Amino acid sequence: MTLICRSKRLTVRQFTLDDAPFIVELLNDASFIRYIADKKVRTEQDAVEYLRHGPLASYQAYGFGLNLVERREDGEPIGMCGVLKRDELAYPDLGYAFLSRYTGQGYATEAAEAVLEATLLASGLNTVQAVTLPDNQPSNRLLEKLGFQRQHPIMLYGHSNNLYEYTRT
């Protein structure tokens, strides 16, 4: 297990294949499917393949990727947050998703702040982007709260998204 960072309430670490059951739950959460995509991950074996070809491959290729977010108090996995590289974007982008029962409690803000700081320092990145659907108001507000500047709409995976950019000063 590779620790990325800790915050007051959270631990953020790299995924392992043992996290497959959590991935099945998270990727089938209604808000994940609505605001991100239906990744068609229905079984633990699907989740293992998702982890191998997604986060684990990203760690190898770029040194960063999506990470597991868990509560420090009890180790409960509640979401994922990290920086990933998509061919469609000029810069790596911040991504996050949390189980619906943990939204509205400040966890996404806390995780994103900690991950941004840790990843930018460790990787030497100065600019990170983020994309979110225009109707995902909580995500749009979160990015603005973190200091991301809205750029322009961008078509990504067949949907118009708001493109945001964050530059470390």
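Look up: the structure comes first, before these words.
To keep things clear, this report deals only with the structure shown in the data block. All of these numbers come straight from a predicted model, not from anything done at the bench. (Residues numbered from 1 in each chain as written. Predicted model: local features only at pLDDT ≥ 70, side-chain atom pairs only at ≥ 80, totals over all residues. Heavy atoms only, no water.)

**Observations concerning helix H1 (residues 20-27)**
Phase 1: Extensive coverage of H1 is indicated by the burial of six of its eight residues.
Phase 2: Taken together, the buried positions of H1 are Ala20, Phe22, Ile23, Val24, Leu26 and Leu27.
Phase 3: For H1, the secondary structure elements touched by its buried residues are helix H2 (30-35), helix H3 (44-53), strand S3 (66-71), strand S4 (77-84) and strand S5 (93-98). (Buried < 20%, exposed > 50% of the residue type's maximum accessible area, 1.4 Å probe, protein only. Helix = DSSP H or I, 4+ residues; strand = E, 2+ residues; numbered from the N terminus. Contact = heavy atoms within 4.5 Å.)

**With respect to the packing of H3 against helix H4 (residues 55-62)**
Phase 1: Where H3 meets H4, the axes come as close as 3 Å, and the angle between the chain directions of the two elements is 15 degrees. When the axes of H3 and H4 are compared, the pair comes out roughly parallel. Between H3 and H4, the contacting residues are Tyr50, Leu51, Arg52 and His53 on the first element and Pro55, Leu56 and Ala57 on the second.
Phase 2: Counted by class, the contact of H3 with H4 contains five nonpolar, one polar and one charged residues. (Axes fitted to C-alpha atoms, helices over the stretch in contact; angles between N-to-C directions. Parallel < 35°, antiparallel > 145°, perpendicular 65-115°, else oblique. Nonpolar A, V, L, I, M, F, W, Y, C, P; charged D, E, K, R; others polar.)

**Examining the side chain of Gln14**
Phase 1: Looking at the element boundaries, Gln14 is found in strand S2 (residues 10-14).
Phase 2: On the accessibility criterion, Gln14 (16% relative accessible area) is buried.
Phase 3: Discounting residues that sit within four places of it in the chain, Gln14 has contacts with Thr2, Ile4, Asp19, Tyr59 and Asn67.

**As for the pairing of strand S6 (residues 127-132)**
Regular strands place side chains that alternate from one sheet face to the opposite one.
Phase 1: By the criterion of burial, S6 is predominantly enclosed, with six of the six residues buried.
Phase 2: Side chains Thr127, Gln129 and Val131 of S6 all project onto a buried face; the interleaved residues Val128, Ala130 and Thr132 project onto the opposite face, where all are buried too.
Phase 3: Where S6 meets strand S8 (residues 159-167), six bridges bridge the pair, whose relative direction is antiparallel. Bridged to Thr132 within S8 is Asn162. (Pairing = 2+ DSSP bridges.)

**A short note on the pattern of salt bridges**
Side chains that carry opposite charge are capable of pairing whenever their charged atoms lie near each other.
Phase 1: Inspection of every chain in the model, using the stated rule, returns 10 salt bridges.
Phase 2: Two residues, Glu110 and Arg9, come together in a salt bridge whose shortest N-O distance is 2.7 Å. Of this pair, Glu110 sits in helix H5 (residues 107-123) while Arg9 sits in the loop between strand S1 (3-6) and S2, placing them 101 residues apart in sequence.
Phase 3: Taking the relative accessible area as the measure of exposure, Glu110 reaches 14% and is therefore buried.
Phase 4: Look at Arg9 and you get partly exposed, because its relative accessible area is 28%.
Phase 5: The network of salt bridges with common partners includes Arg13, Asp19 and Glu70. (Salt bridge = Lys/Arg side-chain N within 4 Å of Asp/Glu carboxyl O.)

**Structural notes on the packing of H1 against H3**
Phase 1: Look at H1 against H3: their axes get within 8 Å of each other, and the N-to-C directions meet at 95 degrees. The angle between the axes of H1 and H3 places the two elements in the roughly perpendicular class. For the pair H1 and H3, contact is made by Ala20, Pro21, Ile23, Val24 and Leu27 and by Glu44, Ala47, Val48, Tyr50 and Leu51, respectively.
Phase 2: Split into classes, the residues belonging to the contact of H1 with H3 amount to nine nonpolar, no polar and one charged.

Honestly, that's just the spatial picture; any functional story needs more than this.
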